[in-house]
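Take a look at the letters that make up each chain.
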Amino acid sequence: MKPSRKRIPGPWAQAAQAASLVFFWLLLLGTVWPEAWLPVDTDFFLQMDPLAAVLAPLAGREWTAALLPGIAILALSLAAGRFFCGWLCPFGATLTFARRLLWGKAPAAGGENGGSGTGGAGRTRNIKFLALALMFGAALAGVNDFYWGTPIPLITRFYALLIHPVLLLLAQLGLTSGQPLFAALDLPSLRYLDLSARRFDGLYFLLVFFGLLLWLERRQPRFWCRCLCPAGALLALVSQRPLFRRRVGRCSRCSRCARFCPMGAIDPQTMQTRHRECIACRACVAACPTRAVTFAPWKGHAEIPPERTADIAGQADLPDDLPNVSPRIAHFPLLPSRRAFLGSAGLGLLLAGVQRSDAYSLLNADNRSLPPHCIRPPGAVPEPLFLALCLRCGECMKVCPSNALQPAWLTAGFEGLFSPLLAPRRGPCVPDCNACGQVCPTQAIRPLPLEEKRWARVGTAVVLQNTCLAWAWGRACIVCQEVCPYGAVKLQKMEGFAAPAPVVNNERCYGCGYCERHCPLSVPAIVVEPLNALRLTEASYRRTALAAGMDYTLPEDGAEHPETGSEAGAHGKREAGPQGIGIRKPGDGATAAEGSGHEPDAPEGSLPPGFSP
Amino acid sequence: MKRRDFLKWQVAGLGLLGVNAPLLAVAEKVFDGPPLPDVAVAKGSPGPATRAAVNQIGGMTRFVKPGQKVVIKPNMSFARGPESAVNTHPEVIGELLVMCREAGAGKILVLDHVLQDPELCLGRSGIRDICNAFQPGICHNLAAESFFVEADLPQAAEMRTNAFMRDVLEADVIIAAPVAKSHSAAGVSLSLKGQMGLIYDRRVMHSRYDLSTSIVDLAERVKPHLAVIDATRVLATNGPGGPGNVIQPGEVIASADPVAADATAVTSYEWYGRKIQPRQVQHLRLAHQRKLGRMDIEALVTKRVTA
């Protein structure tokens with residue numbers, strides 16, 4: 001055994017971190033529709049979040065198999081400590097590399113930057129434990145407040161919603177300014193490349209949140225990981241004495257390790273290690289001039305005199321050759337007291353109670369009482385469960401091909417902060433796309449196959465007759481009818497109206513929002529509301545929708561459309577021709593959603609729409 | 001002969017020449033062959049019918065000179081296949097590309113500003129595939145503002161400005177290659193209406209301006225030099241998006257006059273099961289009045305052939 005030669009030096013962890021971060025970026029970049037080829041699920045990292053893995057099933061009262069890797073990370077931490085934090089977590093990696101990039105090379109530039117053992121004194125470090133207890137308490141009461149602290153969803157959102165759009169903007173700037181050059185060089189693929197801009201609502205939060213963390217990172221390395229991250233706290237709780245932990249042999253007490261420890265897990269005076277703060281990055285292994293540090297599972301080594309090891313599990317006695325140690329420094333932070341833990345958890349329960357008592361909170365919502373713009377992605381589970389399961393990772397928003405999914409501010413109430421909303425004016429829900437459900441790590445949006453998703457109605461379009469060009473001004477505008485992929489907008493000719501006006505056929509309207517997106521008015525006169533949205537936990541959307549009399553067959557399905565012949569003939573509805581779109585049975589077509597429209601019937605001799613006498 | 005008489009004869013001869021110049025031009029045409037028809041209608045499968053129709057009106061060399069930049073404007077706004085008749089048949093576009101190359105065209109582009117998801121539109125319409133098979137990188141949906149330049153329409157009645165595709169303004173030849181379909185606001189969507197796909201903001205044509213008037217305004221700037229209307233399938237009802245009644249005339253209409261081409265399509269097929277006159281399509285009537293073309297096709301020469 002020659003551990004001094006076999007040990008893995010510190011740079012290994014950094015290489016792993018870098019690789020992990022790059023892989024994370026690539027996966028995020030590959031989270032596009034139509035599906036790009038990826039070796040693993042796009043939510044590979046999200047599945048590993050230990051906090052989400054524990055609290056999402058707790059809050060949702062529903063076991064989510066996809067989060068099993070997070071449980072595995074937790075179990076592995078029993079043996080290997082917070083290796084996740086030091087080696088894998090893209091959040092920690094981001095902070096580490098941002099620090100290097102902004103403030104120099106050393107991962108932790110020594111004592112003056114807070115690398116010292118007590119950096120992040122006890123109380124500050126305890127924030128993460130108390131936050132964890134609070135979130136646990138809330139989750140116990142079925143409320144998801146943990147999205148404020150789950151690191152992988154947070155960092156996913158940061159890159160997907162803030163960094164990616166800005167990079168796209170820059171790239172597009174380069175492409176646009178390079179257009180003459182590409183034209184001259186005859187490079188049509190670059191000349192016409194259009195990186196459609198991604199835009200997201202409410203990025204100020206991410207900007208301030210991560211700006212603050214960066215500022216804290218400047219003050220102290222990995223401040224988030226040391227003091228704030230509740231997932232780190234969870235891992236710390238199981239990493240009190242991991243099997244593979246930092247062990248020190250022939251220590252010369254130079255305190256180099258303490259200065260290089262990015263987590264401040266080593267007391268510079270006593271050389272004691274607080275294992276729950278150690279992220280196993282092995283910076284200390286590389287830093288140690290006498291190569292006395294190992295992360296071996298066995299206790300000590302033949303070369304290391306047992307009496308010199310400083311394997312600290314509890315409160316080992318201070319070496320008496322350190323007379324100048326102040327008690328403040330020497331006293332390494334303890335865990336918060338049981339009272340503090342219980343108090344925080346109780347506070348979480350109380351918070352959940354308050355949130356549930358809010359008059360407009362959607363935690364109590366049934367699907368019939370949603371606020372007007374609260375249009376959820378297709379296949380979103382019923383609202384209370386949705387709020388419990390949604391991690392706010394932003395994957396659905398990243399993947400949405402029309403950029404239609406946007407993070408909510410207060411549209412869905414305080415509990416719905418940052419959860420995805422369909423914003424049709426920004427982009428419609430594409431009938432052939434089911435990407436949001438496929439990437440959702442917790443199945444808050446169900447991973448529906450396309451033939452199911454097509455029936456997962458998200459809302460209903462409503463014509464605002466006071467502003468509609470056709471209704472209010474008698475103008476021949478048919479854009480909503482033209483763009484509707486479901487043939488749900490009909491044009492109806494009415495007495496006293498110069499032009500046929502649009503009405504929505506409730507049975508065919510999916511709420512996709514093509515109409516709202518393309519309404520030529522500066523303020524759309526046809527808007528989607530979450531009316532009649534289907535929100536199902538397990539049942540088949542198709543069967544449910546069919547049972548409710550809905551019909552979302554698309555033209556390319558070769559559906560029997562009244563207009564295309566047979567059925568129209570069979571029902572003798574040919575004379576209804578021009579306006580009789582989607583009316584399957586006489587009397588069936590006029591629904592509540594049609595406003596004052598009546599059964600379309602073209603009187604003999606009247607012209608088809610668009611023609612003049 | 002006196003000198004005076006000689007001069008008289010000379011003057012008379014000159015006068016005769018002057019009077020008969022148009023006649024001479026006709027003679028020249030006769031000498032070159034029979035006069036070209038104003039409109040050609042060819043029956044057949046999409047590709048051959050396209051070629052036959054264009055050949056009837058003088059062939060592609062009449063429109064495209066060697067080295068010229070050509071923009072072809074198809075319909076590919078909808079994420080549906082050719083059978084739906086909401087997009088131009090890809091083989092019509094494919095044949096036009098080949099003909100342009102045969103005529104010696106320099107740069108050829110197939111451009112549109114589509115309605116639905118661009119990937120699906122370009123893919124499902126089949127148009128991108130056929131373009132890429134011809135020459136990769138020529139078929140594009142242009143939506144970003146940077147591809148458009150603001151241009152005035154001084155002759156316009158209402159819409160005096162809009163942003164046009166830079167490539168279209170720079171093109172020597174614009175070929176409109178729409179599919180024939182009904183349109184619930186404009187009556188029909190053919191080679192004039194289809195040019196709405198060449199501008200950045202077409203919303204204003206519905207909201208701020210009168211649609212028919214602004215369609216004609218558009219023609220003041222981007223009137224196609226050649227109109228090839230794909231009537232192999234015609235969406236006779238419920239256009240432009242369908243689904244509607246698709247009839248199968250199996251024809252392609254070509255003309256150097258887009259108004260005449262459109263008028264021919266209007267009269268050749270039944271819309272909503274009835275006969276429609278070109279004057280009943282407001283933008284054709286306006287275009288005719290503004291002398292952008294002729295809708296009085298009964299006064300024009302139409303040649304019908306079978307490919």
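Please read these numbers as outputs of a predicted model, since none were measured by experiment.

Definitions and cut-offs
Residues numbered from 1 in each chain as written. Chains lettered and ligands numbered in written order. Predicted model: local features only at pLDDT ≥ 70, side-chain atom pairs only at ≥ 80, totals over all residues. Heavy atoms only, no water. Helix = DSSP H or I, 4+ residues; strand = E, 2+ residues; numbered from the N terminus. Buried < 20%, exposed > 50% of the residue type's maximum accessible area, 1.4 Å probe, protein only. Contact = heavy atoms within 4.5 Å. Salt bridge = Lys/Arg side-chain N within 4 Å of Asp/Glu carboxyl O. Axes fitted to C-alpha atoms, helices over the stretch in contact; angles between N-to-C directions. Parallel < 35°, antiparallel > 145°, perpendicular 65-115°, else oblique. Left-handed = near helix turned anticlockwise from the far one by under 90°. Core = buried A, V, L, I, M, F, W, Y, C linked by side-chain atoms within 4.5 Å. pLDDT = per-residue confidence, 0-100. Buried area = accessible area lost by both parts, 1.4 Å probe. Expected span 1.5 Å × (residues − 1). Arc of directions from axis to C-beta. Polar contact = N/O pair within 3.5 Å; in protein donor to acceptor, adjacent residues only side chain to side chain. Pairing = 2+ DSSP bridges. Phe/Tyr/Trp six-rings, centres within 6.5 Å; stacked < 30°, edge-to-face > 60°. Lys NZ or Arg CZ within 6 Å of the ring centre and 35° of its normal.

**Regarding the overall build of chain B**
Then step 1. Tallying secondary structure elements over chain B gives 11 helices and 13 strands in all.
Then step 2. Here chain B, with 307 residues, has 60% of them falling under the buried criterion.
Then step 3. In chain B, the proportion of contacts linking residues at least 24 apart, taken out of those at least 6 apart, comes to 71%.

**What to know about the overall build of chain A**
Then step 1. For chain A, the helix and strand inventory stands at 26 helices and eight strands.
Then step 2. By the burial criterion, 57% of the 613 residues in chain A qualify as buried.
Then step 3. Considering only contacts in chain A between residues 6 or more positions apart, those separated by 24 or more positions represent 75%.

**Some thoughts on the pattern of salt bridges**
Then step 1. Counting across every chain of the model gives 20 salt bridges over all chains.
Then step 2. A salt bridge links Arg376 of chain A to Glu383 of chain A, with the shortest nitrogen-to-oxygen separation between them at 2.6 Å.
Then step 3. Take Arg376 of chain A: its relative accessible area is 2%, and that puts it in the buried class.
Then step 4. Between Glu119 of chain B and Arg128 of chain B there is a salt bridge whose closest N-O contact spans 3.3 Å.
Then step 5. Since its relative accessible area comes to 45%, Glu119 of chain B is described here as partly exposed.
Then step 6. Connected through salt bridges with shared partners, the residues Arg125, Lys128 and Glu277 of chain A form a single ionic network.

**So, unusual backbone geometry**
Then step 1. Along the chain, Gly239 of chain B connects to Pro240 of chain B via a cis peptide bond; the corresponding omega equals 5 degrees.
Then step 2. Backbone geometry at Ala280 of chain A places phi at a positive 55 degrees, although glycine is not the residue there.
Then step 3. For Arg291 of chain A, which is not glycine, the phi torsion reads 50 degrees and is therefore positive.
Then step 4. Turning to its location among the elements, Arg291 of chain A is positioned in the loop between helix H15 (283-287) and strand E2 (293-294).

**Focus on the packing of helix H2 (residues 11-29) of chain A against helix H6 (residues 90-103) of chain A**
Residues and elements named next belong to chain A.
Then step 1. Between H2 and H6, the shortest axis-to-axis distance is 9 Å and the interhelical angle comes to 110 degrees. Classified by the angle their axes make, H2 and H6 are roughly perpendicular. Handedness of the H2/H6 crossing: left-handed. Of H6, the residues touching H2 (which contributes Gln14, Gln17, Ala18, Leu21 and Phe24) are Pro90, Gly92, Ala93, Thr94, Thr96, Phe97 and Arg100.

**With respect to the nonpolar core**
Then step 1. Within the largest apolar cluster, 192 residues are counted, with the highest numbers of intra-cluster contacts made by Met60, Ile72 and Ile175 of chain B.
Then step 2. The element that contributes the greatest number of residues to this core is helix H8 (residues 151-177) of chain A, accounting for eight residues.
Then step 3. The residues touching Ile72 of chain B, leaving out its near neighbours within four places in the chain, are Ile93, Leu96, Leu97, Cys100, Ile108, Leu109, Val110, Leu111, Ile175 and Ala177 of chain B.
Then step 4. By size, the runner-up hydrophobic cluster in this structure holds 65 residues, among which are Met165, Ile174, Ile229 and Leu300 of chain B.

**Points about the confidence of the model for chain A**
Then step 1. On average, chain A scores 81 in pLDDT, and the residues at 70 or more come to 81%.
Then step 2. In the model, residues 1-9 of chain A has pLDDT below 50 throughout and makes 11 contacts with residues more than four positions away in sequence or in other chains.

**Some remarks on the interface of chain A and chain B**
Then step 1. With 47 residues of chain A at the interface, the matching set in chain B holds 49 residues.
Then step 2. For the pair chain A and chain B, the summed buried area comes to about 4,000 Å², and 54% of that belongs to carbon and sulfur atoms.
Then step 3. Here chain A is connected to chain B by two salt bridges.
Then step 4. Across the pair Asp167 of chain B and Arg191 of chain A runs a salt bridge, and its minimum N-O distance is 3.3 Å.
Then step 5. Of all elements in the fold, only helix H10 (188-191), helix H23 (479-483) and helix H24 (514-518) of chain A reach the threshold of two or more residues within the side of chain A that touches chain B.
Then step 6. Top element by residues in the side of chain A that touches chain B is H23 of chain A. It accounts for four residues.

**Some points on helix H11 (residues 204-219) of chain A**
In an α-helix, one turn spans 3.6 residues; hence positions three or four apart end up facing the same way.
Residues and elements named next belong to chain A.
Then step 1. Taking 1.5 Å of rise per residue, the 16 residues of H11 would be expected to cover 22 Å, and the 22 Å separating its terminal C-alpha atoms lies within 8% of that figure.
Then step 2. Phe205, Leu206, Phe209, Phe210, Leu213, Leu216 and Glu217 are the residues of H11 that are buried. All buried residues of H11 project into a common sector of 115 degrees when viewed along the axis, lining one side. Facing away from the buried side of H11 by more than 90 degrees, the exposed set consists of Tyr204, Leu207, Val208 and Arg219.
Then step 3. For H11, the elements touching its buried residues are H6, H8 and helix H12 (223-228).

**A short note on the side chain of Gln116 of chain B**
Then step 1. Relative to the elements of secondary structure, Gln116 of chain B occurs in the loop between strand E3 (108-112) and helix H5 (118-124).
Then step 2. A distance of 2.9 Å separates the side chain of Gln116 of chain B from the backbone nitrogen of Ala79 of chain B, its partner in a polar contact.
Then step 3. Excluding residues within four positions of it along the chain, Gln116 of chain B makes contact with Val483, Pro485 and Tyr514 of chain A together with Ser77, Phe78, Ala79, Arg80 and Cys121 of chain B.

**Some words on the pairing of strand E6 (residues 489-492) of chain A**
The side chains of a regular strand alternate between the sheet's two faces.
All names here are of chain A.
Then step 1. What you see with E6 is no split at all: Val489 and Leu491 on one side and Lys490 and Gln492 on the other are buried throughout.
Then step 2. In this sheet, strand E7 (residues 501-504) lies alongside E6 in antiparallel orientation, the contact comprising four bridges. The partner of Val489 across the bridge, within E7, is Val504.

**Considerations on the packing of aromatic side chains**
Residues and elements named next belong to chain A.
Then step 1. Taken as a whole and assessed by the stated rule, the structure comprises 27 aromatic pairs over all chains.
Then step 2. Both rings, one in Trp148 and one in Phe205, keep their centres 5.6 Å apart while their planes meet at 80 degrees; by these two values the pair is edge-to-face. Residue Trp148 is found in the loop between helix H7 (122-140) and H8, and its partner Phe205 is found in helix H11; the two are separated by 57 residues along the sequence.
Then step 3. By relative accessible area, Trp148 is classed as partly exposed at 29%.
Then step 4. Judged by its relative accessible area of 17%, Phe205 is buried.
Then step 5. Just above the ring of Tyr192 sits the side chain of Arg191; from NZ or CZ to the centre is 4.5 Å.
Then step 6. Over the face of the ring belonging to Phe386 we find Arg535, whose NZ or CZ atom lies 5.7 Å from the ring centre.

**Digging into H2 of chain A**
Residues and elements named next belong to chain A.
Then step 1. Taking 1.5 Å as the rise per residue, H2 with 19 residues should run 27 Å; its terminal C-alpha atoms sit 27 Å apart, in good agreement.
Then step 2. Three or more residues of H2 are buried, namely Ala13, Gln17, Ser20, Leu21, Phe24, Leu27 and Leu28. Along H2, the residues classed as buried sweep out an arc of 125 degrees about the axis, all on the same side. Residues of H2 that are exposed and point more than 90 degrees away from the buried face comprise Trp12 and Leu29.

**Examining the packing of H2 of chain A against H8 of chain A**
Packed helices, taken two at a time, are described by the angle between their axes plus the distance between the axes.
All names here are of chain A.
Then step 1. With their axes 11 Å apart at the nearest point, H2 and H8 run at an angle of 60 degrees to one another. Compared by their axis directions, H2 and H8 come out oblique. Relative to H8, H2 is oriented so that their crossing is right-handed. Seen from H2, the contacting residues are Leu21, Phe24, Trp25, Leu28 and Leu29; seen from H8, they are Ile155, Thr156, Tyr159, Ala160 and His164.

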